[in-house]
Amino acid sequence: MVMRGISANQTYNGLSSNSSGGGGGGGGVITSNVLGYDNNKLADLIQTRCPSYEIITSSLRGEMRLFVLVQSHLTQDISNVYIAAENTGIGSIMANKGGIIVTLTFRDMTRFSFMTCHLEAHEGMQHYIQRNKNLAEILGGAKTDPVYAMQDATIFSHHMFVCGDLNYRIKFSEYEKMKEKKKKFMTNLMMKKMSMKGTSSSSGGGGGDDDGGGGLSSLSKGASCDEAEEEEEEESNNHKGDGGGGGEGEKKDEPANGSHFDQAKALVEAEDWKALNEGDELAGALKQKECLVGFSTLPCHWPPTFKVARGEGYQYNEKRTPSYTDRILWKSAEGMVNNVIPFLYEPCPEFITSDHKPIRGGFAVKLNKDQPSCTEKTSDSAPIERRGSGVFVRTIPNLKTAAHHDEERQIQILVSDLKCTNLPIMDNEFVGGLSDPYVLFVSSPKELLFSKAWPSSSIIPKNLNPVWKEDMYLTMDRKGMRNRQLAEGSMLMLTVMDYDATSGDDVIGSVALNLNELCSKLDLSAGGPPGKVQETYISRPILRNGQEYGMLECKLKTAFLAPKEVKSFLSGAKNVRTAMKTSWKSKIQAFTGFAAMS
């Protein structure tokens, strides 16, 4: 299968995912968006350039665009197409910033999500923090698949790609220290001057009122949103500099980023891509898990794509630090990480109609497929260990069973030793300022576990480090299996919730597990030997909107059993719970210690 995604405002021929500079005056298509003319024109150009593809879906949000194409002979294999968007501009209303997400399923087996976004502009720590917040806001607000509205697309997708003008900049540690020192010096200097002027300072300089229509006048024809914003900020800084008298050793015509430009430019001329990538904010954010936890991106072995003059090659604007603002990232579900292989990642230096150089990426993806058997013959004489990702797996001959009927067998799961640590505070101070967590057990396909509601643990009130003194017993319904087998890509999501008595419950985060791995040592084929039990220990971060919210630990025992074999399977379990989502009676009992009257 070959898909093509085209994002933001540029038009070019790339594979799988493309990223371009945000807001550049229509990307050479047209500078006006009256009645969606430029969007229609872009669609026409795509169809002309890609005659063997069909547009599955497209969306326009402000200056952001997302088109998803598939080869024409594969269109009938695409289903469950959902699209959603979220604005993160001023007041979360303006669409100059935000993102669009498309989720689709290929051949009922592999779920893809594609997200394009345009994040907070400008250099500096406060803007870096806001970019991270923008990503979380987009993932939290742009919910696509209604079946999994509690989870964001990073949780329920088998493979997700993120691309666009992410606006992350290049910064160097020595420069940041110098900049912070200079900022502190300027603050102290201004405070001294204000204290000397006293109340008369209210009528003094600062130049703030001189901005007038500066922000509006800078929005020249064809200028990008980022250009307008950054020029406005630069003009404001210049006024402040005029009114403030300047810092120690500061030149009046010095660019806003000081010597940072010179340092980056020197590395570009030396083609020291390694040093430039070491200063990349996005790479640092991924490493520190401050955004898009679990996502990967390739290093950029080419000149920074921003901020350049409109023309061929790379002529950088000295008022901005050359940076890798245009990026492509991806994430795969557990057990599928090796199913995505990037084979192309490069800029388009010949693109001349924006202050960004677009980039394009190509990825080969191994698709999920029906598997006739999960059989893996192993010896019962010794444990089997598979290390990595905090998982310990062993197969043990534990059950002595009588005659059984293969057609009655179902996958059984026993969840024990369940606990969470370092959960976030979800409740207001006047109700305790803590959280009231419980865990929902959500499956994909939905039919495996859903029956009027999702199975649920009990509620532990007012606790950020809950430990459940109960074992959860889950039975996988055959209706969620394909050809009597567990399909590749089947998932079990442990979603931690916060109970609210007066409003809807809040999602704290989820841990997504690969059901195929949880059953990898079981023989699910008809006529296979009964009685095997697989144990898996889980210790994973709880994720929501690409960020971590504590840890979840538990032990899972899985087996493929007939009803007669369940009793033996549950022997030794403590306080076994099979209830669906917690009822209002049990909620009252959990919080008061008294049973509710019926």
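Cut-off values and rules
- Starting afresh in each chain, residues are numbered from 1 along the sequence in its written order.
- Selection of residues for local features in this predicted model requires a pLDDT of at least 70, selection of side-chain atom pairs for listing and counting requires 80 or more, and totals for whole chains, interfaces and linings are taken over all residues.
- Side-chain descriptors were evaluated using all non-hydrogen atoms of the structure, hydrogens and water having been removed beforehand.
- In this analysis, strands are considered paired if DSSP registers two or more bridges between them.
- Strands are runs of DSSP state E lasting at least 2 residues, helices are runs of H or I lasting at least 4, and numbering of each runs from the N terminus.
- Every angle, taken between N-to-C directions, lies between 0 and 180 degrees, and every axis is a line fitted to C-alpha atoms, over only the stretch in contact when it is a helix.
- Here, the term nonpolar core denotes a set of buried Ala, Val, Leu, Ile, Met, Phe, Trp, Tyr and Cys residues that are joined through side-chain atoms within 4.5 Å.
- Any residue under 20% of the maximum accessible area for its type is buried, any over 50% is exposed, and the rest in between are partly exposed; the area is computed with a 1.4 Å probe on protein chains only.
- Every residue pair with non-hydrogen atoms within 4.5 Å of one another is taken to be in contact.
- Known as pLDDT, the predictor's confidence for each residue is given on a scale from 0 to 100.
- Pairing of N or O atoms within 3.5 Å defines a polar contact, subject to two protein rules: one partner must be a possible hydrogen donor and the other a possible acceptor, and residues neighboring in sequence count only if both atoms are side-chain atoms.
- For a helix, the expected span equals 1.5 Å multiplied by the residue count minus one.
- Two aromatic rings, drawn from Phe, Tyr or Trp (for Trp, its six-membered ring), form a pair once their centres lie within 6.5 Å of each other, and the interplanar angle then sorts them: stacked below 30 degrees, edge-to-face above 60, tilted otherwise.

**Q** Would you mind showing me how to read the sheet that holds strand β8 (residues 159-165) here?
**A** Picture the strands of a sheet paired through backbone hydrogen bonds; they go either parallel or antiparallel. Spatially, β5-β6-β7-β8-β9 is the arrangement adopted by the five strands of the open sheet, whose pairing is mixed. Looking at which strands have only one partner, the edges of the open sheet turn out to be β5 (78-87) and β9 (326-332). Direction aside, neighbouring strands of the sheet carry axes that sit 15° apart on average. Two strands pair when backbone bridges link them, and β8 and β9 are joined in this way by seven bridges, in the antiparallel orientation. Bridge pairing links D165 to D326 in β9.

**Q** Help me understand the nonpolar core in this model?
**A** The nonpolar side chains of a soluble globular protein tend to be buried, and buried together. Formed by 72 residues in total, the largest nonpolar core has its most connected members in M115, I411, I413, F441, L492, L552 and L556. Setting aside anything within four residues of it in sequence, one finds L492 in contact with I413, F441, V442, L449, V511, A512, L513, L515, L518 and L556. Core analysis: the next-biggest nonpolar cluster, separate from the first, contains 36 residues, V70, F106, F172 and V268 among them.

**Q** What should I look at first to understand the confidence of the model for the chain in this one?
**A** Detailed reading of the predicted coordinates is not advisable wherever pLDDT is low. In the predicted model, the chain carries a mean pLDDT of 79, and 69% of its residues have values of at least 70. With pLDDT under 50 throughout, residues 20-35 is counted as low confidence; its partners more than four residues away or in other chains account for 56 contacts. For residues 239-255, every residue scores under 50 in pLDDT, and the model assigns this stretch 22 contacts once sequence neighbours within four places are set aside.

**Q** I tried to follow the environment of Y168 on my own but got confused; where do I start?
**A** Tracing the backbone shows Y168 in the loop between β8 and α4 (173-197). As a C-alpha pair, Y168 and A285 span 117 residues in sequence and 9.4 Å in three-dimensional space. One polar contact links Y168 to N132, side chain to side chain, over a distance of 2.5 Å.

**Q** Mind showing me how you'd approach helix α2 (residues 125-141) here?
**A** One turn of an α-helix holds 3.6 residues; hence residues three or four places apart share an orientation. Between its first and last C-alpha atoms α2 spans 24 Å; for 17 residues at 1.5 Å apiece the expected length is 24 Å, and the two agree. By the burial criterion, the buried members of α2 are H127, Y128, R131, N132, N134, L135, A136, I138 and L139.

**Q** What exactly am I supposed to notice about the packing of aromatic side chains here?
**A** For the structure shown, the criterion picks out nine aromatic pairs. Ring centres of Y128 and Y168 lie 6.0 Å apart, and the angle between their planes is 75°; this geometry places the pair in the edge-to-face category. Placement of the pair is Y128 in helix α2 and Y168 in the loop between β8 and α4, with a sequence separation of 40 residues. Given a relative accessible area of 7%, Y128 falls into the buried group. On the basis of an interplanar angle of 25° and a centroid distance of 6.3 Å, the ring pair of Y314 and Y316 is categorised as stacked.

**Q** What's the story with the side chain of T325 in this structure? I'm lost.
**A** Mapped onto the secondary structure, T325 falls in the loop between α9 (281-287) and β9. Apart from the residues within four sequence positions on either side, T325 is in contact with G164, D165, L166, N167, Y168, R169, T305, F306 and H356.

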